[in-house]
Amino acid sequence: MRGYTFYQRASRAFHDYPYLSKVLVVVTISGGGLGGLAAYSDARPFRSAYADAAQPDIKKKKVVVLGTGWAGTSFLKNLKDPSYEVHVVSPRNYFAFTPLLPSVTCGTVEARSIVEPVRNIVKKKGLEVQFREAECFKIDPDKKTVHCRSSQDTNLGGKEEFAVDYDYLVIAMGARSNTFNTPGVVENAHFLKEVDDALRIRRTVVDCFERASLPSLSEEERKRILHFVVVGGGPTGVEFAAELHDFVHEDLGKLYPTLKDHVKITLLEAADHILNMFDKRITAFAEDKFSRDGINLKTGSMVVKVSDKEISTKERSTGETKNIPYGMVVWSTGIGTRPVVMDFMKQIGQGNRRVLATDEWLRVEGHKSIYALGDCATINQRKVMEDIAAIFSKADNNKTGTLNVEDFKEVINDICERYPQVELHLKKQRLRNFVDLLSSGDDAKKEIDIERFKTALEQVDSQFKNLPATAQVAAQQGEYLAGCFNRMEECSQNPEGPLRFRGSGRHRFHPFRYKHFGQFAPLGGEQTAAQLPGDWVSIGHSTQWLWYSVYASKLVSWRTRMCVIGDWSRRFIFGRDSSRI
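Residues numbered from 1 in each chain as written. Predicted model: local features only at pLDDT ≥ 70, side-chain atom pairs only at ≥ 80, totals over all residues. Heavy atoms only, no water.

**A short note on the overall build of the protein**
Secondary structure assignment for the protein yields 22 helices and 24 strands. Going through the 581 residues of the protein one by one, you find that 48% of them count as buried. Total accessible area on the protein stands at roughly 30000 Å², and carbon and sulfur atoms take up 50% of it. (Helix = DSSP H or I, 4+ residues; strand = E, 2+ residues; numbered from the N terminus. Buried < 20%, exposed > 50% of the residue type's maximum accessible area, 1.4 Å probe, protein only. Areas by Shrake-Rupley, 256 points an atom, 1.4 Å probe, with all protein chains shown as cover.)

Quick look at the structure:
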């Protein structure tokens, strides 16, 4: 009877707490003990110390996050403080690992392998997070409200509109492809920004081969259909051209042997070289490899028009206009601002800018409760020369009007942290520290007046450059902002940032600083180029394996890691799938 009672209790426990069955399975497989609990904790982490500190009777601050790209997802993954009520609004209910989109276009990786549902990501956080699959079409900063409409394409009763109020707004909506108002691009070209774009390109490539195999076509028409044009010599365009070349020669060439010789791939770039943001050694290697592989590389060619069958280019050197017949065009020439962000910029007086301007703490200028990060924003770094008098005054404690270099030592670290261009200038001039910049080889005790101080720093502001619109930058910004939100209350009482040179006290947080970990450029044929910190360049087959390792480790979940690694393994063994699905 006692055994039956135990069975009843155990059965009721598994019924009331379904996750206990998962714990039992993991413990059994892991051999029991702490190993099983550790394995399970990675999938469903225990509540953090924040949960104990939360007070249920205190009204939570509402944080609205617009977008589930790199910046928005990184923010959600790193937010730990349960004192916030988080609302996420995005037209897509998943996060996509966009660096692998070129691999999706040719079937090297399947689309579902690189996406993770947003609800899967947030449910493991133990926070109050609500997701709405909708598109924000208006931001009202005065009423602290965002207006949204449903984004489902299917006929489910029409478009639903609703409004969400906020205490803090995080704009992480990314950007759209920039057409530069070129006629015909939107109507006739393919983009490569979203998963749907990659799948559309994959179907079009297969369609081109199937149509070209029809017996009624002329040779001229067959060549036109099998001419693939890529516009833009940046990392995305170069990687797609390389992927397409491998797809054609390793897989489609075997399935369509009579069409292989008709295929032509052309890469158009308006500048003099491709991969301009990389080291010149990588650029030279990429151009040489594409030439060996038979990829037609045309630099100095600007696209002026795209029709349904021809693309018109203007040669920058001669001014000559040429019409190039094509079967498919992929447009990858940079990013542009989304309409809702442009409207918001006009509301707040930034209508003349290309993207949203924020301060070094990612706050939209003039709006302390609105943050913007990722491709839709840029940091408007404050210039040293704008604050030169305030900096000098802060260091001049005795108000004598002149300073010794020693007097600056109390504020040197704050100057370098508040104005990162100072450190960049020191590196360029090969100076050891700020004291060397001021002393200029003279006696360190020599007095410095305001004019000499201005002269020493007048070239500093020219060193600062805007951050690139990359996934790496967006992910770091999301992680940084989540850390600020986690420490909001603590740092309000004990500020950790640099001195306020135009006011009193310190800034609440350290300003955002981007740390570059390097960049890759896959070039096809199992060869990749990498430019890593320290001016280290690596090119070849070994770098391709480094690319595999880094990208697999950066995927958002163990499920996506296993799926992508499985896709790579399948491609090595069986080749790419050419089915039109």
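Alright, that's what it looks like, and here's the rest.
**Observations regarding the nonpolar core**
Counting residues in each nonpolar core, the largest one holds 96 residues, and the members touching the most others are F75, F209 and F485. It is helix 11 (residues 235–255) that contributes the most residues to this core, 8 residues altogether. Residue contacts for F209: discarding those within four places in its chain leaves L226, F228, V248, L252, Y256, L259 and V263. (Core = buried A, V, L, I, M, F, W, Y, C linked by side-chain atoms within 4.5 Å. Contact = heavy atoms within 4.5 Å.)

**So, helix 12 (residues 280–293)**
In a regular helix each residue adds 1.5 Å, so 14 residues correspond to 20 Å; helix 12 covers 20 Å between its end C-alpha atoms and thus fits that length. Among all positions of helix 12, only I282, T283, A286, E287, K289 and F290 are buried. Looking down the long axis of helix 12, one finds its buried residues gathered within 165° of arc, a one-sided arrangement. In helix 12, those exposed residues whose orientation departs by more than 90 degrees from the buried face are K280, S291 and R292. Packing partners of the buried residues in helix 12 comprise helix 11, strand 12 (264–269), strand 13 (296–299), strand 22 (519–524), strand 23 (527–532) and strand 24 (536–540). Structurally, the start of helix 12 carries an N-cap: the backbone nitrogen of R281 is 2.8 Å from a side-chain oxygen of D279. Where helix 12 ends, the next residue or the one after it, G294, has phi of about 90°, a positive value. (Expected span 1.5 Å × (residues − 1). Arc of directions from axis to C-beta. Polar contact = N/O pair within 3.5 Å; in protein donor to acceptor, adjacent residues only side chain to side chain.)

**Quick notes on the layout of surface pockets**
The volume enclosed by the second largest pocket comes to roughly 780 Å³. Around the second largest pocket, the lining is made up of 18 residues, and of these P420, L424, K427, Q463 and Y514 lie nearest the centre. When residues of the lining of the second largest pocket are assigned to their parent elements, the largest contribution, 4 residues, is made by helix 16 (residues 420–429). Classifying every residue of the lining of the second largest pocket gives 8 nonpolar, 4 polar and 6 charged. (1 Å grid on protein atoms, 1.4 Å probe; cavity = no way out; pocket = protein on both sides within 12 Å on 5 of 7 lines; lining within 4 Å. Points joined across faces, edges and corners; volume = space filled by probe spheres on them. Nonpolar A, V, L, I, M, F, W, Y, C, P; charged D, E, K, R; others polar.)

**Quick look at the environment of S74**
Assignment of secondary structure puts S74 in helix 5 (residues 70–78). Note on S74: relative accessible area 10%, which makes it buried. Residues S74 and Y480, spaced 406 residues apart in sequence, show a C-alpha to C-alpha distance of 9.0 Å. The contact partners of S74, leaving out residues within four places of it in the chain, are A475, G478 and E479.

**Section: the packing of aromatic side chains**
One pass over the full model with this rule turns up 19 aromatic pairs. Pairing Y168 with F485 gives two aromatic rings, centres 5.3 Å apart and planes at 75°, and the pair type is edge-to-face. With a gap of 317 residues between them, Y168 in strand 8 (residues 168–171) and F485 in helix 19 (residues 471–486) connect regions that are remote in the sequence. Side by side, Y168 and F485 carry an identical accessibility label, which is buried. Look at W547 and W568: their rings are 5.8 Å apart centre to centre, the planes differ by 45°, and that puts the pair in the tilted class. Of this pair, W547 sits in helix 21 (residues 541–554) while W568 sits in helix 22 (residues 558–574); the two residues are 21 residues apart in sequence, bridging distant segments of the chain. On the accessibility criterion, W568 (6% relative accessible area) is buried. An aromatic cluster of at least three residues, connected via ring pairs, comprises W70, F95, F97, F520, W545, W547, Y548, Y551, W568 and F572. In this arrangement the basic side chain of R418 is found over the ring face of Y419, its NZ or CZ atom lying 5.4 Å from the centre. In this arrangement the basic side chain of R561 is found over the ring face of W558, its NZ or CZ atom lying 4.7 Å from the centre. (Phe/Tyr/Trp six-rings, centres within 6.5 Å; stacked < 30°, edge-to-face > 60°. Lys NZ or Arg CZ within 6 Å of the ring centre and 35° of its normal.)

**Quick look at the confidence of the model for the protein**
Reading predicted coordinates in detail is not appropriate for stretches of low pLDDT. Here the protein averages 87 in pLDDT, while 87% of its residues score no lower than 70. Below pLDDT 50 for its whole length, residues 22–55 participates in 25 contacts with residues either more than four positions away or in separate chains. Contacts for the low-pLDDT stretch residues 441–445, under 50 throughout, to residues beyond four places or in other chains number 4 contacts. (pLDDT = per-residue confidence, 0-100.)

**Some points on helix 22**
Counted at 1.5 Å a residue, the expected span for helix 22 with its 17 residues is 24 Å, and the 24 Å between its end C-alpha atoms agrees. All buried positions along helix 22 are accounted for by T560, R561, V564, D567, W568 and R571. All buried residues of helix 22 fall inside an arc of 130° around its axis, so they share one side. Exposed side of helix 22, more than 90 degrees from the buried face: W558, I573 and F574 are the residues found there. In this structure, the buried residues of helix 22 make contact with strand 4 (115–117), helix 11 and helix 21. Looking one or two residues beyond helix 22, the residue adopting positive phi is G575, at roughly 85°.

**Details of the side chain of E116**
With respect to the secondary-structure elements, E116 resides in strand 4. One polar contact links E116 to S557, side chain to side chain, over a distance of 3.0 Å. Discounting chain neighbours no more than four positions away, the residues touching E116 are Y94, F95, I121, V556, S557, R559 and T560.

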